[in-house]
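Descriptive analysis of the structure
These are the residues of each chain, in order.
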Amino acid sequence: MTSREEFQHVFHRQRGIIDQSSLSSLQPLVGGDDEGILSALLQLKLLGSSAIIHRDPGEDVDTERLKALLPRHTGTWSEVVQELYKDSDQSPSFDNSRGTINTDIWAGRINSARPDGEPGLWLLYGNGRALVGSGGICEIANTESRHTFLDLPTLICGSSALVHRYAMDQGVFLSQRISDCWVSMTARIDDIGPEEAVRNVRSRFGNGTATHTSDGNGSLIRFRIPITETPESLIWRIESEKAPPPPPLEEPLDVGPLSAKSNDGTYSFSESELPLRLSNVDALVLGAGGLGSWAIPLLISGCDTADSRITIVDGDQRVEAHNLNRQVLYTTEDIGKPKAHSARRWVLRSLGLREESVRSFASELHPRHAYDKEDHEGDDMVTVEEIAGEYFEDMAQEDDGIIGALDSMQVALSCLDNQYARTTLNRACNNRGVTMVNGGCEGTVGLVEIFSGDRCMVCSYGPEEALSLEKISCQEEGSRPVNSIVTTSSYVGSMMACIALCELARQRGYDVRIPEPRDIVDGMVSKRCSGSLPWIKGVCDDHL
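Residues numbered from 1 in each chain as written. Predicted model: local features only at pLDDT ≥ 70, side-chain atom pairs only at ≥ 80, totals over all residues. Heavy atoms only, no water.

**Description of the overall build of the chain**
Which entries qualify depends on this criterion: Going along the chain from the N terminus, every DSSP run of H or I of four or more residues is numbered as a helix, and every run of E of two or more is numbered as a strand. Accessible area is worked out with a 1.4 Å probe on protein chains only. A residue is then buried under 20% of its type maximum, exposed over 50%, and partly exposed in between. For the accessible areas, the method is Shrake-Rupley and the probe is 1.4 Å, while residue cover comes only from the protein chains on display.
Scanning the chain from N- to C-terminus turns up 14 helices and 20 strands. For the chain, with 544 residues in total, the buried portion stands at 56%. For the chain, the exposed surface amounts to about 23300 Å²; the carbon and sulfur share of it is 46%.

**Examining unusual backbone geometry**
With a phi close to 70°, Asp 191 is a non-glycine residue in the positive phi region. Looking at the element boundaries, Asp 191 is found in the loop between strand S7 (183-190) and helix H6 (194-200). Judged by relative accessible area, Asp 191 falls into the exposed class, the value being 70%. Within the chain, Asp 522 stands out as a residue other than glycine whose phi angle is a positive 50°. Of note, Asp 522 is situated in the loop between strand S19 (518-521) and strand S20 (524-527). Here Asp 522 falls in the partly exposed class, since its relative accessible area comes to 32%.

**Brief notes about the pattern of salt bridges**
Side chains bearing opposite charge may pair, as long as their charged atoms lie close to each other. Short version of the rule: The salt bridge criterion pairs a side-chain nitrogen of Lys or Arg with a carboxyl oxygen of Asp or Glu, the two atoms within 4 Å.
One pass over the structure, following the stated rule, counts 25 salt bridges. Of the charged contacts in the structure, one is a salt bridge between Arg 13 and Asp 180, with a shortest N-O distance of 2.9 Å. Here Arg 13 is found in the loop between helix H1 (3-6) and helix H2 (20-24), whereas its partner Asp 180 is found in the loop between helix H5 (151-169) and S7, with 167 residues between them in sequence. Look at Asp 180 and you get buried, because its relative accessible area is 15%. The shortest N-O distance in the salt bridge between Arg 165 and Asp 169 comes to 3.3 Å. Of this pair, Arg 165 and Asp 169 both sit in helix H5, four residues apart, roughly one helical turn. Through salt bridges that share partners, Glu 35, Asp 62, Arg 65, Arg 109 and Asp 151 make up one connected network.

**Thoughts on the state of the cysteines**
As a reminder, the rule being used: Throughout, a disulfide means two cysteine sulfur atoms within 2.5 Å of one another.
Overall, the coordinates contain zero disulfides when judged by the stated rule. Cysteine Cys 498 is unpaired, with the sulfur of Cys 157 as its nearest cysteine sulfur at 4.5 Å. The buried category is assigned to Cys 498, whose relative accessible area is 0%.

**A short note on helix H7 (residues 292-301)**
Burial within H7 is extensive, with 10 of its 10 residues counted as buried. By the burial criterion, the buried members of H7 are Gly 292, Ser 293, Trp 294, Ala 295, Ile 296, Pro 297, Leu 298, Leu 299, Ile 300 and Ser 301.

**A look at the side chain of Ser 414**
Filter applied, for reference: Whether two residues are in contact is decided by their heavy atoms, any of which lying within 4.5 Å being enough.
With respect to the element layout, Ser 414 can be found in strand S14 (residues 411-414). Its relative accessible area of 0% is what places Ser 414 among the buried residues. Setting aside its immediate chain neighbours within four residues, Ser 414 contacts Leu 286, Arg 422, Leu 425, Met 436, Val 437, Asn 438, Gly 439 and Met 496.

**Details of the pairing of strand S13 (residues 358-361)**
What counts is decided by this rule: Strands are treated as partners if at least two bridges between them are detected by DSSP. With the strands aimed away from the viewer, a crossover counts as right-handed if its path from the first strand over the helix to the second runs clockwise.
In the sheet, strand S12 (residues 309-313) pairs with S13 via four bridges, with the strands oriented parallel. Residue pairing in the sheet places Val 313 in a bridge with Phe 361 of S13. What joins S12 to S13 is helix H8 (residues 339-351), and the crossover it makes is right-handed.

**Focus: the packing of H7 against helix H14 (residues 486-507)**
To keep it simple, the criterion reads: A fitted line through C-alpha atoms serves as each axis, taken over the contacting stretch for helices, and the angle formed by two N-to-C directions is quoted from 0 to 180°. Crossing handedness: left-handed means the near helix sits turned counterclockwise from the far one by under a right angle, and right-handed means the same turn made clockwise. Polar here means any residue other than Ala, Val, Leu, Ile, Met, Phe, Trp, Tyr, Cys and Pro, which are nonpolar, and Asp, Glu, Lys and Arg, which are charged; Gly is therefore polar.
Look at H7 against H14: their axes get within 8 Å of each other, and the N-to-C directions meet at 35°. Once H7 is placed against H14, the crossing between them reads as right-handed. Contacts between H7 and H14 involve Trp 294, Ala 295, Leu 298 and Leu 299 from the former and Val 486, Ser 489, Ser 490, Gly 493, Ser 494, Ala 497, Ala 500, Leu 501 and Leu 504 from the latter. For the contact of H7 with H14, a count of residues per class yields nine nonpolar, four polar and no charged.

**Brief notes about the sheet that holds strand S8 (residues 209-212)**
Within the open sheet, the three strands sit side by side as S7-S9-S8. Their pairing is antiparallel. At either margin of the open sheet sits one strand with a lone partner, and together these are S7 and S8. Adjacent strand axes in the sheet meet at a mean angle of 25°, parallel and antiparallel pairs treated alike. Looking at chain direction, S8 and strand S9 (residues 218-225) are connected through four bridges and run antiparallel. Across the sheet, His 212 pairs through a bridge with Ser 219, a residue of S9.

**Focus: the packing of H5 against H14**
Cut-off, in case you're wondering: Throughout this description, any angle smaller than 35 degrees is read as roughly parallel, any larger than 145 degrees as roughly antiparallel, any in the 65 to 115 degree range as roughly perpendicular, and the remainder as oblique.
The N-to-C vectors of H5 and H14 enclose an angle of 155°; their axes lie 8 Å apart at closest approach. Classed by the angle they form, the pair H5 and H14 counts as roughly antiparallel. When you trace H5 past H14, the crossing you get is left-handed. Between H5, through Pro 153, Thr 154, Ile 156, Cys 157, Ser 160, Val 163 and His 164, and H14, the contact on the second element is made entirely by Thr 487, Thr 488, Ser 490, Tyr 491, Ser 494, Met 495, Ala 497, Cys 498 and Leu 501. Considering only residue class, the contact of H5 with H14 consists of nine nonpolar, seven polar and no charged.

**So, H8**
Let me state the cut-off plainly: Here the expected length of a helix is defined as 1.5 Å per residue gap, with one fewer gap than residues.
Spanning 13 residues, H8 covers 18 Å between terminal C-alpha atoms, matching the ideal 18 Å at 1.5 Å per step. Taken together, the buried positions of H8 are occupied by Lys 339, Ala 340, Ser 342, Ala 343, Arg 344, Trp 346, Val 347, Leu 348, Ser 350 and Leu 351. Residues of H8 that are buried in the fold lie against H7, S12 and S13. Just downstream of H8, Gly 352 is the residue with a positive phi angle, here 60°.

**Some points on the confidence of the model for the chain**
To be explicit about the condition: A residue's pLDDT is the confidence the predictor assigns to it, expressed on a 0 to 100 scale.
In the predicted model, the chain carries a mean pLDDT of 88, and the fraction of residues at 70 or more is 90%. Predicted confidence for residues 474-478 stays below pLDDT 50, and this span has 24 contacts to residues more than four positions away or in other chains.

**Some words on the nonpolar core**
Put simply, the rule is: To form a nonpolar core, buried Ala, Val, Leu, Ile, Met, Phe, Trp, Tyr and Cys residues must be joined to one another through side-chain atoms within 4.5 Å.
The biggest cluster of nonpolar side chains holds 105 residues, and the ones touching the most others in it are Phe 149, Trp 294, Ile 296, Leu 299 and Leu 413. Of the residues forming this core, the biggest block, 13 residues, is contributed by H14. Those residues in contact with Leu 299 that lie beyond four places of it in its chain are Ala 283, Val 285, Ile 310, Leu 413, Ala 497, Ala 500, Leu 501 and Leu 504. If you look at the next biggest cluster of nonpolar residues, it comprises 24 residues, including Leu 284, Phe 361, Ala 370 and Ala 412.

**With respect to the sheet that holds strand S6 (residues 129-134)**
Sheet architecture is open: seven strands sit in the order S3-S2-S1-S4-S5-S6-S10, paired in mixed fashion. Edge positions in the open sheet fall to strand S3 (93-94) and strand S10 (253-254), since each of these has one partner strand only. Strand direction decides the pairing type here: S6 and S10, joined by two bridges, are antiparallel. The residue of S10 that forms the bridge with Val 132 is Leu 253.

As structure tokens, this is what we get:
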């Protein structure tokens, strides 16, 4: 299939949790300040929904603070939106009418002018805080705001929760979730059993699975046809009841990295001593997919790009069409290319960075990267030298680059799809005294947590789970494919960036509170109870 034909499957991983037809028919009226509208519009576009934008299409739009996430950085509203929706079947429209307007979605900074009408849902953000509510905007104790290093990731936390709530209110989520859907090619073979059929019959689509025929006279062998070779008209012809909309919000949702709700129950965005940018940052992001593609640009947005450096490590050798519903750094032009290098190209181009400020490795993180040689002398670990006789030059250079990035990193973000790789990075971090921010999501459920030496993956999950090789992935080769949707992955990725930035600020002497670990379930955010397993007292026996 061509890239355009593959693009038919862009929403493949969310169709098991959402009615795509109903979603694509939505046209919310979106208002607010420029960056608030753009952030909501980005979420809607990736979901597959259109919008009516409360702006004059001929007016210039301020995209400066979101340029890390947008394909076009300057121009009129019409030009920027046209480029954003270039690969989409949707076409947003504009409404520049004056007077009292009741928007469906309104998003703006805490010091933005409030809407004349009453929005269906609203987002207020600033000073590292974000509130999502419905109806009249609540009273805020302090409405002063200045720009800080947490602005962009805080805005994405808020717009993710805002648009997810809007989709829930419209009743487009399915009540019965479907993990995966595919088309199979089936062949009947008479007079042999299933095991013999699997041994003797092959397909270019991979290994088959076989069962007895109903009459017992032979076998049925089935081969899964890859999504890339399946016409869109043959897949997802499944119907499921939609979940009813949730009850109206009784109070705003506190969804930012720092709490906006005071102990007395009031809401305050009081300005804390948050820096504008952080200097001399050296960070490593492992995984450039659903979480990493958000965490990478949002982390960079809080750093001084003149003297900071970020390293991207991801073993996925090709961007796939069904990544494009939530992985913000890729377009149809990247399909078939390694994720790490495509992510690097995006951030270099969009932010105008120096070549040396972003490194990328299209490789997985291996134990040989995380351990020093003296750490595993005498172990049963098989080295590349033992397999190949010597390092191939390019492999040796890549290994040296990854090990060098691990040695120099000041914080690491684990944006991965399997526990073993997380545990490997956790060991590398603990060996170097570096904090690891860990994230994960599946469908409408996500988590963000912190590992900083006193607690490790084994303490938290036990050795069997921490060292599990099961790959829970949106890719077809994952042992357990999962649903994926942008509003969950962007929330988790942006919160990871917030936590990493605050950790880096603390290292530089700023009195900044580290955001608490949290869970997100069906758009509702709560504090995560992080800790060791209850039977582990002190340091676990297998502490990394």
